[in-house]
Amino acid sequence: MLKDVRGMSKTVNFGVGYGAVAATVSQQAMIPLDISELAVNGFHAAYPGVNKWKESVYAFARQHGYVATTYGSRRHCGNALNSGTRSEIGRWERQLSNFLIQGQCADLLKVVLANAHKTGLFKKHGAMLIAPIYDEILVEVPRVSLHAFLHDLADLMEINMPGICVKMVADCSFGANWGKQEEVGARPTLEKINEALAKVDAYLASKQSAQPGVTNEVQTSTDGEDDDVLAIVDESDTGTDL
C-alpha cells in the first residue's frame, strides 16, 4: 500500500514539476480525474514556490536564450519563448524546466562516477559497474564487500549540489537480479544486510528447486560469501533513494 502511494506521489511530483495538468497526471498515475485534481491542487498549495521557480526559469530563458544547471550544463532555446506560438512556447517551457530537473540529476551522477573512478572505489571492493541509469548506479558486488561498498559509495553520492542546501541521501537495494531487489535503505547495518541476503538466498533456492539446472535467470549463486549480488544505489528523490 505504502509503495503504491509513494509511486503515485512520485508521478504527481515529477508531472507537476514538468508542467503536467491534472488530466495528464490522471492518465500517467492511472487514477480518477477527481483524485488527480485533488493531488495536483494539494501539491501547489503545499509547494507554492514551484510555480515561482518555473516562472523565474522562463524569465531567464527569455532574456538569455538558455537555461543552465548548477553544474553549468546548458539547454539553448534561442528566442523561442519570445517569438513562438502559445503551443510552441508551452512545449519549450516544459522542456526547459524538465532539463533543469533531469539534467541536474544527470550531472550529479557524472560527478559521482568520476569520483568513484578517481578513488578506485570499484577496484577496491572487486565490484563491477554494470550501468548508470538516470539517477541510479547498477553494480555487481562480491557479498563479502557489500557492506563496506554500499557505505563507501554513499560517501560519494551524499553530497550537496552547488547552490542547493538539501543534502542528498542515498538508499540501497541489492538482489539476485534487477527485477528482484531487497530494499535496505540508507547506510544499512551489517545485520540488515545479512537479513536481506538470507532472503536473496531463499529466492535463489526456490528458483533452483523450480527449474533444476537452469542458472541463467539469476546473477548470483548461494554457496559462498564471495558470490556476487546486484546492487542498486539511487538518489532520485532529493534525499530519499540510493
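Residues numbered from 1 in each chain as written. Predicted model: local features only at pLDDT ≥ 70, side-chain atom pairs only at ≥ 80, totals over all residues. Heavy atoms only, no water.

Peer 1: Describe the nonpolar core, with residues and values.
Peer 2: Counting 30 residues, the largest nonpolar core has Ile137, Leu146, Phe149, Leu150, Leu153 and Phe174 as the members making the most contacts within it. Taken together, the elements giving at least two residues each to this core come down to α6 (86–119), α7 (121–125), β4 (136–142), α8 (146–157), β5 (171–177), α9 (190–210) and β7 (228–234). Apart from the residues within four sequence positions on either side, Leu150 is in contact with Cys172, Phe174, Pro188, Ile193, Ala231 and Val233. Counting residues in each nonpolar core, the second largest holds twelve residues, with Val67, Cys77, Trp92 and Leu100 among its members. (Core = buried A, V, L, I, M, F, W, Y, C linked by side-chain atoms within 4.5 Å. Buried < 20%, exposed > 50% of the residue type's maximum accessible area, 1.4 Å probe, protein only. Helix = DSSP H or I, 4+ residues; strand = E, 2+ residues; numbered from the N terminus. Contact = heavy atoms within 4.5 Å.)

Peer 1: Explain the packing of helix α2 (residues 22–29) against helix α3 (residues 33–46) to me, and be specific about the residues and the numbers.
Peer 2: Across the interface, α2 lies against α3 with an axial gap of 8 Å and an inter-helix angle of 115°. Pair α2 / α3 crosses with right-handed handedness. Contacts between α2 and α3 involve Ala22, Ala23, Val25 and Ser26 from the former and Leu33, Ser36, Glu37 and Val40 from the latter. A class-by-class count of the residues in the contact of α2 with α3 yields five nonpolar, two polar and one charged. (Axes fitted to C-alpha atoms, helices over the stretch in contact; angles between N-to-C directions. Left-handed = near helix turned anticlockwise from the far one by under 90°. Nonpolar A, V, L, I, M, F, W, Y, C, P; charged D, E, K, R; others polar.)

Peer 1: I'd like a description of the packing of aromatic side chains, backed by residues and values.
Peer 2: What characterises a pair of aromatic rings is the spacing of the ring centres plus the angle enclosed by the ring planes. All chains considered together, the criterion is met by four aromatic pairs. Here Phe14 and Tyr18 contribute two aromatic rings whose centre-to-centre distance is 6.0 Å and whose plane-to-plane angle is 35°, an arrangement assigned as tilted. By relative accessible area, which is 17% here, Tyr18 ends up buried. Taking 5.3 Å as the distance between ring centres and 50° as the angle between the ring planes, the aromatic pair formed by Phe43 and Tyr47 counts as tilted. Its end group placed over the ring of Tyr66, Arg74 keeps NZ or CZ at 3.9 Å from the ring centre. (Phe/Tyr/Trp six-rings, centres within 6.5 Å; stacked < 30°, edge-to-face > 60°. Lys NZ or Arg CZ within 6 Å of the ring centre and 35° of its normal.)

Peer 1: For the sheet that holds β4, give the residues involved together with the corresponding values.
Peer 2: Spatially, the five strands line up as an open sheet ordered β3-β4-β7-β5-β6, and their pairing is antiparallel. Bordering the open sheet on either side are β3 (128–133) and β6 (180–185), each of which pairs with just one other strand. Averaged over all adjacent pairs, the angle separating strand axes in this sheet is 25°, with direction ignored. Here β5 runs beside β7; their pairing, made up of five bridges, is antiparallel. Bridging from a neighbouring strand, Phe174 pairs with Ala231 of β7. Contacting β4, β5 and β7, α8 runs over the sheet at an angle of about 20° to β7. Docked against the sheet, α9 engages β5, β6 and β7, running at close to 25° with respect to β5. (Pairing = 2+ DSSP bridges.)

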